[in-house]
There are 2 protein chains.
Amino acid sequence: MNKKQLIAKLSGSLNLSKADAERTFDTITNTILDALKGDDSVKIAGFGTYKVAKRKARVGRNPRTGEQIQIGASQKVKFLPAKALKEVFNK
Amino acid sequence: MNKKQLIAKLSGSLNLSKADAERTFDTITNTILDALKGDDSVKIAGFGTYKVAKRKARVGRNPRTGEQIQIGASQKVKFLPAKALKEVFNK
DNA sequence: ATTGGATATGCAGTATTTGCATATAGAAAC
DNA sequence: GTTTCTATATGCAAATACTGCATATCCAAT
């Protein structure tokens, strides 16, 4: 399912035009992103937690040539599924 | 930031009551979850992809006693941040 | 409808993460 | 205020993420 299809579904469930459904959805993702940018984590009960994970610099390898390369520190967004979410898929 | 605070923000940005903002938010998460339950992945451009990852059975360990235990296969929801999302945090 | 951009895949080898049981502390939900 | 949920901490084996890069596919926007 891609974003367009998701928006179409939401448009139906929420009784909104597709444009409004998309605006609403974007507002939500942007709000979450803003919090993450502020180095805050976002906990959503029953769904999961978004947090920014810091990754240290390390030595990697180009699998094509085998040569070693230096990989700088970076950050990425991690999503940790809530307990309820795991149970849905493992019962 | 927890769910309550998120809902409060959305209530403002979306010009909805808190109850409506929460209903809207829950509708979205439920829609995503339903897709995932159907073993579909959910791609959201500019944000990321939710997918169900199958994890193989393996040998674990009870950290309290140290004894080995067999862990069955399971499934969990994975979130893969989109490229745009990584760039936000690494520029 | 076309096109540019983003994503999935495969590869090799190492670094990192995961997840087990369980109690407690702290936070959040109702 | 009470109850439910989540983070943390522990040791350690195995799964997985990550790197460059080419290709194929797929999506989004023009």
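Please read all numbers here as calculations on a predicted model, not as lab measurements.

Definitions and cut-offs
- Residues numbered from 1 in each chain as written.
- Chains lettered and ligands numbered in written order.
- Predicted model: local features only at pLDDT ≥ 70, side-chain atom pairs only at ≥ 80, totals over all residues.
- Heavy atoms only, no water.
- Pairing = 2+ DSSP bridges.
- Helix = DSSP H or I, 4+ residues; strand = E, 2+ residues; numbered from the N terminus.
- Axes fitted to C-alpha atoms, helices over the stretch in contact; angles between N-to-C directions.
- Contact = heavy atoms within 4.5 Å.
- Parallel < 35°, antiparallel > 145°, perpendicular 65-115°, else oblique.
- Left-handed = near helix turned anticlockwise from the far one by under 90°.
- Near = heavy atom within 4 Å.
- Polar contact = N/O pair within 3.5 Å; in protein donor to acceptor, adjacent residues only side chain to side chain.
- Nonpolar A, V, L, I, M, F, W, Y, C, P; charged D, E, K, R; others polar.

Draft legend 1. Local environment of the sheet that holds strand β5 (residues 74-81) of chain B. Residues and elements named next belong to chain B. In space, the three strands of this open sheet follow the order β1-β2-β5, with antiparallel pairing throughout. Looking at the sheet topology across the chains shown, the edges are occupied by β1 (42-44) and β5. Ignoring which end each strand starts from, the neighbouring axes of this sheet average 25° apart. Relative to strand β2 (residues 48-55), β1 runs antiparallel, the two sharing three bridges. Among the inter-strand pairings, isoleucine 44 is bridged to a residue of β2, identified as glycine 48. Packing against the sheet, helix α2 (residues 18-37) makes contact with β1, β2 and β5, and its axis sits at approximately 40° to β2.

Draft legend 2. Up close: the packing of helix α1 (residues 3-14) of chain A against helix α2 (residues 18-37) of chain A. All names here are of chain A. At a minimum axis distance of 8 Å, the contact between α1 and α2 shows a crossing angle of 110°. On the basis of their axis angle, the class for α1 and α2 is roughly perpendicular. Handedness of the crossing formed by α1 with α2: right-handed. On α2, the residues touching Lys3, Leu6, Ile7, Ala8, Leu10 and Ser11 of α1 are Lys18, Ala21, Glu22, Phe25 and Asp26.

Draft legend 3. Looking closely at the protein's contact with DNA strand D. In the neighbourhood of DNA strand D, 23 residues make up the surrounding shell, with Arg58(A), Arg61(A), Lys76(A), Arg61(B) and Lys78(B) lying closest. Considering DNA strand D, the proportion of its atoms within 4 Å of the protein that are sugar or phosphate atoms stands at 75%. In this structure, a base oxygen belonging to DNA strand D sits 2.8 Å away from a main-chain N or O atom of Arg61(A). Between a sugar or linking oxygen of DNA strand D and a side-chain N or O atom of Asn62(A), the distance comes to 3.4 Å. Those elements that provide at least two residues to the surface near DNA strand D are β2 (48-55), β3 (58-61) and β4 (68-71) of chain A together with β2 and β3 (58-61) of chain B. Split by residue class, the surface near DNA strand D holds six nonpolar, four polar and 13 charged.

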